[in-house]
Amino acid sequence: MFESLGNKLQDILDRVGKERQLTEAQVKAAMREIRMALLEADVNFGVAKDFVARVGEQAVGQQVEGSLTAGQTVVKVVHDELIQTLGGKTAQPELRAEGNVWFMVGLQGAGKTTSTGKLASLYKSKGRRVLLVAADTQRPAARDQLEVLARQVGVPILKVADGESPAETRRRVDEHLKTDFRDLVIVDTAGRLQIDEALMDQLADLQAAMQPTESLLVVDAMTGQEALNVAQTFDRRVKVTGLVITKMDGDARGGAALSARSVTGKPIYFAGTSEKISGLEPFYPDRVAGRILG
Ligand code: GDP
């Protein structure tokens, strides 16, 4: 595991000395390599810097245990801290007996609509009665795309009309629920290619009308450095409660996950692992920690 970083650290540390306790000089030499590894995994520069500072403090004076080398000891400290920063354990969104409303937000192309369909499928298989709301009025095909997914999963869908007010959408959803009981309503909202104020106002208005119990930010793992800015801006305006990291099946090493999680402090609930409706898994911090270290 983590051979590339592990080997590099071992070379450096074994050159520095073979004491059974990590010295400040050793740790300093190792931190540079660790920062490089994080940046190569596309972790935001500031996040990487803070992370390395934290790990450095922990590592100085650390006993080199049993059969481990100094390099392996540092890698273990880094790995453990990465897992903690990514949330420690696998977390699940809050789910009440009824009255759950999940709000899906994110930039266009992040995988919002796809993830909405995937969540419908997952929670239907868990016995939930799901209603989808297609409120992405920005991307021309998004509502039709969600309708196809709804049909595939076998759940009802309510499509928001162009120019419909948030209050009207809320009224239509309530109306639907009166005749067709649903305990989980998932709302796919509008995204833009870039964050802009008009989009944020629109989202905030719909959020105020829908009163979601979870607001999930969908982040594309391939966005790298930009993930921090996206997460920060959405969280400021729509109070994100959790994250979904998509396209983890691609080349991205997971730096976006670390950046988004670090800046919002919100749990990463799911990872998108394919384009298919079944391609959604719980997020496992330990697996992603390994992947970031490479
Ligand atoms: P939206 O604009 O945020 O609603 O984005 P879409 O849901 O339309 O997704 C944009 C593209 O990303 C589509 O081609 C999806 O099939 C693809 N996509 C979404 N999630 C994943 C994922 O986890 N893995 C892969 N490989 N592709 C994904």
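Scoring rules and cut-offs
Residues numbered from 1 in each chain as written. Predicted model: local features only at pLDDT ≥ 70, side-chain atom pairs only at ≥ 80, totals over all residues. Heavy atoms only, no water. Helix = DSSP H or I, 4+ residues; strand = E, 2+ residues; numbered from the N terminus. Buried < 20%, exposed > 50% of the residue type's maximum accessible area, 1.4 Å probe, protein only. Contact = heavy atoms within 4.5 Å. Lys, Arg positive; Asp, Glu negative; His and termini not counted. Charge placed at Lys NZ, Arg CZ, Asp CG, Glu CD. Near = heavy atom within 4 Å. Polar contact = N/O pair within 3.5 Å; in protein donor to acceptor, adjacent residues only side chain to side chain. Areas by Shrake-Rupley, 256 points an atom, 1.4 Å probe, with all protein chains shown as cover. Axes fitted to C-alpha atoms, helices over the stretch in contact; angles between N-to-C directions. Left-handed = near helix turned anticlockwise from the far one by under 90°. UniProt positions renumbered as here; feature names shortened; annotations may be inferred. Salt bridge = Lys/Arg side-chain N within 4 Å of Asp/Glu carboxyl O. Pairing = 2+ DSSP bridges.

With respect to the overall build of the chain
Working step 1: From N to C terminus, the chain includes 11 helices and 8 strands.
Working step 2: If you line up the chain on its principal axes, its C-alpha atoms span 70 × 40 × 30 Å.
Working step 3: Expressed as a percentage of its 294 residues, the buried residues of the chain come to 51%.
Working step 4: Put simply, 77% of the contacts in the chain that link residues at least 6 apart link residues at least 24 apart.
Working step 5: For the chain, the centre of its 38 positive side-chain charges and the centre of its 39 negative side-chain charges are spaced 2 Å apart.

Notes on the site of the ligand
Working step 1: The environment of the ligand is made up of 18 residues, and the closest members are Gly-109, Lys-112, Thr-114, Asp-249 and Glu-275.
Working step 2: In the environment of the ligand, an oxygen atom lies 2.7 Å from a nitrogen or oxygen atom belonging to the backbone of Lys-112.
Working step 3: In the model, an oxygen atom of the ligand is placed 3.4 Å from a nitrogen or oxygen of the Lys-118 side chain.
Working step 4: Summarising the interface, the protein chains cover 82% of the accessible area of the ligand, which totals 580 Å² for the free molecule.

Some points on the packing of helix H9 (residues 226-238) against helix H10 (residues 255-264)
Working step 1: Following both chains from N to C, one finds H9 and H10 inclined at 35 degrees, their axes separated by 8 Å at the closest point. When the axes of H9 and H10 are compared, the crossing they make is right-handed. Residue-level contacts link Ala-227, Leu-228, Ala-231, Gln-232 and Asp-235 of H9 to Ala-256, Ser-259, Ala-260, Val-263 and Thr-264 of H10.

Quick notes on the UniProt feature "domain: SRP54-type proteins GTP-binding" (unreviewed entry) in the chain
Working step 1: Under the present numbering, the feature "domain: SRP54-type proteins GTP-binding" (unreviewed entry) in UniProt falls on residues 267-280.
Working step 2: Segment residues 267-280 splits into 0% helix and 43% strand. End C-alpha atoms: 16 Å apart.

Topic: the pattern of salt bridges
Working step 1: Tallying each qualifying case throughout the model produces 23 salt bridges.
Working step 2: Among the salt bridges present, the one from Asp-183 reaches Arg-128, with a minimum N-O distance of 3.8 Å. One end of the pair, Asp-183, is in the loop between helix H7 (166-179) and strand E4 (184-189); the other, Arg-128, is in the loop between helix H5 (112-125) and strand E2 (130-135), with 55 residues separating them in the sequence.
Working step 3: Since its relative accessible area comes to 18%, Arg-128 is described here as buried.
Working step 4: Where Asp-196 meets Arg-192, a salt bridge forms, and the shortest distance between an N and an O atom there is 2.8 Å.
Working step 5: In this structure Asp-196 comes out as partly exposed when scored by relative accessible area, which is 26%.
Working step 6: With a relative accessible area of 18%, Arg-192 lands in the buried category.

As for the sheet that holds strand E1 (residues 100-105)
Working step 1: Taken in spatial order, the 8 strands of this open sheet run E3-E2-E4-E1-E5-E6-E7-E8, and their pairing is mixed. Each edge of the open sheet carries a strand with a single partner, namely strand E3 (157-159) and strand E8 (280-282). Between one strand and the next, the sheet's axes are offset by a mean angle of 25 degrees, whatever the strand orientation.
Working step 2: Here E1 pairs with E4 via 5 bridges, running parallel. In the strand pairing of E4, Trp-102 is matched with Ile-186.

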